[in-house]
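A structural walkthrough
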Amino acid sequence: MVVYSFYIFDRHTECIYSKRWTPSTTSNNKAVKSNALSNGNIPPAARKALSKEDDAKLIFGTVFSLKRMVRQLGGEDDSFLSYRTGEYKLHYYETPTNIKFVMLTDTKTNNLRIVLHQIWANLYVEFVVKNPLSPAEHPGGVGVSNELFELGLESFIL
């Protein structure tokens, strides 16, 4: 499983945590990039990278739109779990308190709803919510700054 990025959004739609991992390049990826160049397309590495804030806004907007579309088409009982494009798969988990966990992985990864639930229950609740020094609200997108949470997430993902 290759994880590209991970986001946590609070109930006020602010990104309170984001982490990116850079995938390792292989010779197979280089062949794909050279084919993309011969077709006239711009390879993903040559595209202009978005800032962290813009990237988080784009991810939240995508999740919000897809969640709303699923509810309109399928009814209140249906929920949005994940979606896949040609380059990545987005996994989504929402807690009862409207904290949203989003993870982008490679396309071959199975649904990670249970993994996101484990991150919430075993890492976020233990190291952020139960921490008396951590704020209960994150006004203006003040992020989760907890070294134990970050170390736990790093070891859990990798």
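Scroll up to find the structure this text is about.
Report follows, based on the coordinates. Please read all numbers here as calculations on a predicted model, not as lab measurements.

**Observations concerning the nonpolar core**
Among the nonpolar cores identified, the biggest contains 22 residues, and Phe6, Ile8, Phe101, Ile119, Tyr124, Phe149 and Leu153 are the most heavily contacted of them. Only strand E1 (3-9), strand E2 (15-20), strand E5 (100-105), helix H3 (113-129) and helix H4 (147-157) provide two or more residues apiece to this core. By residue number, the principal contributor to this core is H3, which donates seven residues.

**Quick look at the pattern of salt bridges**
Scanning all chains against the criterion turns up five salt bridges. Aspartate 55 is paired through a salt bridge with arginine 20; the nearest N and O atoms lie 2.8 Å apart. Taken together, the residues span a long stretch of sequence, with aspartate 55 in helix H2 (residues 52-74) and arginine 20 in strand E2 at a distance of 35 residues. Notably, a salt bridge pairs glutamate 94 with lysine 100, separated by 3.7 Å at the nearest N-O pair. Connected through shared salt-bridge partners, Lys67, Glu94 and Lys100 make up one network.

**Quick notes on the sheet that holds E1**
The strands that make up a sheet pair up through hydrogen bonds in the backbone, lying either parallel or antiparallel. Spatial ordering of the open sheet is given by E2-E1-E5-E4-E3, a layout of five strands whose pairing is antiparallel. Looking at the sheet topology across the chains shown, the edges are occupied by E2 and strand E3 (82-84). Averaged over neighbouring strand pairs, the angle between their axes works out to 10° when direction is ignored. Summarising the sheet, strand E4 (residues 89-94) and E5 pair through six bridges and their orientation is antiparallel. Of the residues in E5, the one forming a bridge with lysine 89 is threonine 105. The strands touched by H2 are E1, E2, E3, E4 and E5; relative to E1, the strand with the most contacts, the crossing angle is about 75°. In this fold H3 packs onto E1, E2, E4 and E5, with an angle of close to 50° to the strand it touches most, E4.

**Structural notes on the side chain of lysine 100**
On the secondary structure map, lysine 100 appears in strand E5. Here the side chain of lysine 100 touches asparagine 98 through a polar contact of 3.1 Å, landing on its backbone oxygen. Excluding anything up to four places from it in sequence, lysine 100 contacts Tyr7, Ile8, Phe9, Asp10, Phe60, Tyr92, Tyr93 and Glu94.

**A word on the packing of aromatic side chains**
Across all of its chains, the model carries 12 aromatic pairs by this definition. With centroids separated by 5.2 Å and ring planes inclined at 55°, the aromatic side chains of phenylalanine 9 and phenylalanine 60 adopt a geometry described as tilted. With phenylalanine 9 in strand E1 and phenylalanine 60 in helix H2, this residue pair connects regions lying 51 residues apart in the sequence. Assigned by exposure class, phenylalanine 9 and phenylalanine 60 land together as buried. Ring geometry for phenylalanine 101 versus tyrosine 124: centroids 5.6 Å apart, planes at 85°, classification edge-to-face. Placement of phenylalanine 101 in strand E5 and of tyrosine 124 in helix H3 is noted, with a sequence separation of 23 residues between them. Judged by its relative accessible area of 0%, phenylalanine 101 falls in the buried class. Following the ring pairs from residue to residue traces out a cluster consisting of Phe6, Tyr17, Phe101, Tyr124 and Phe149.

Calculation notes
For every chain, the first residue of the written sequence is number 1, and numbering continues from 1 along that sequence. The predicted origin of the model limits local features to residues at a pLDDT of at least 70 and limits the giving and counting of side-chain atom pairs to 80 or more, whereas totals for whole chains, interfaces and linings rest on all residues. For side-chain calculations, the full set of non-hydrogen atoms in the structure is used, while hydrogens and water are omitted. Buried residues of nine kinds, namely Ala, Val, Leu, Ile, Met, Phe, Trp, Tyr and Cys, make up a nonpolar core once their side-chain atoms join them within 4.5 Å. Each residue's exposure class comes from its accessible area (1.4 Å probe, protein chains only) as a fraction of the maximum for that residue type: buried when under 20%, exposed when over 50%, partly exposed otherwise. Secondary structure elements are defined from DSSP: runs of H or I of at least 4 residues count as helices, runs of E of at least 2 residues count as strands, and each element is numbered from the N terminus. Counted as salt bridges are all cases of a side-chain nitrogen of Lys or Arg within 4 Å of a carboxyl oxygen of Asp or Glu. Here a strand pair is declared whenever DSSP counts at least two bridges between the two strands. To obtain an axis, a line is fitted to C-alpha atoms, over the contacting stretch when the element is a helix, and the angle between two such axes runs from 0 to 180 degrees between their N-to-C directions. Note on contacts: a residue pair qualifies if any of its non-hydrogen atoms lie within 4.5 Å across the two residues. In protein, a polar contact requires one atom able to donate a hydrogen and another able to accept it; more generally it is a pair of N or O atoms within 3.5 Å, and residues adjacent in sequence count only if both atoms are side-chain atoms. Geometry of aromatic contacts follows a simple scheme: Phe, Tyr and Trp rings, the Trp one being its six-membered ring, pair when their centres are within 6.5 Å, and the pair is stacked under 30 degrees between planes, edge-to-face over 60, tilted otherwise.

So, to be careful, I would describe these as geometric facts and stop short of saying anything about function.
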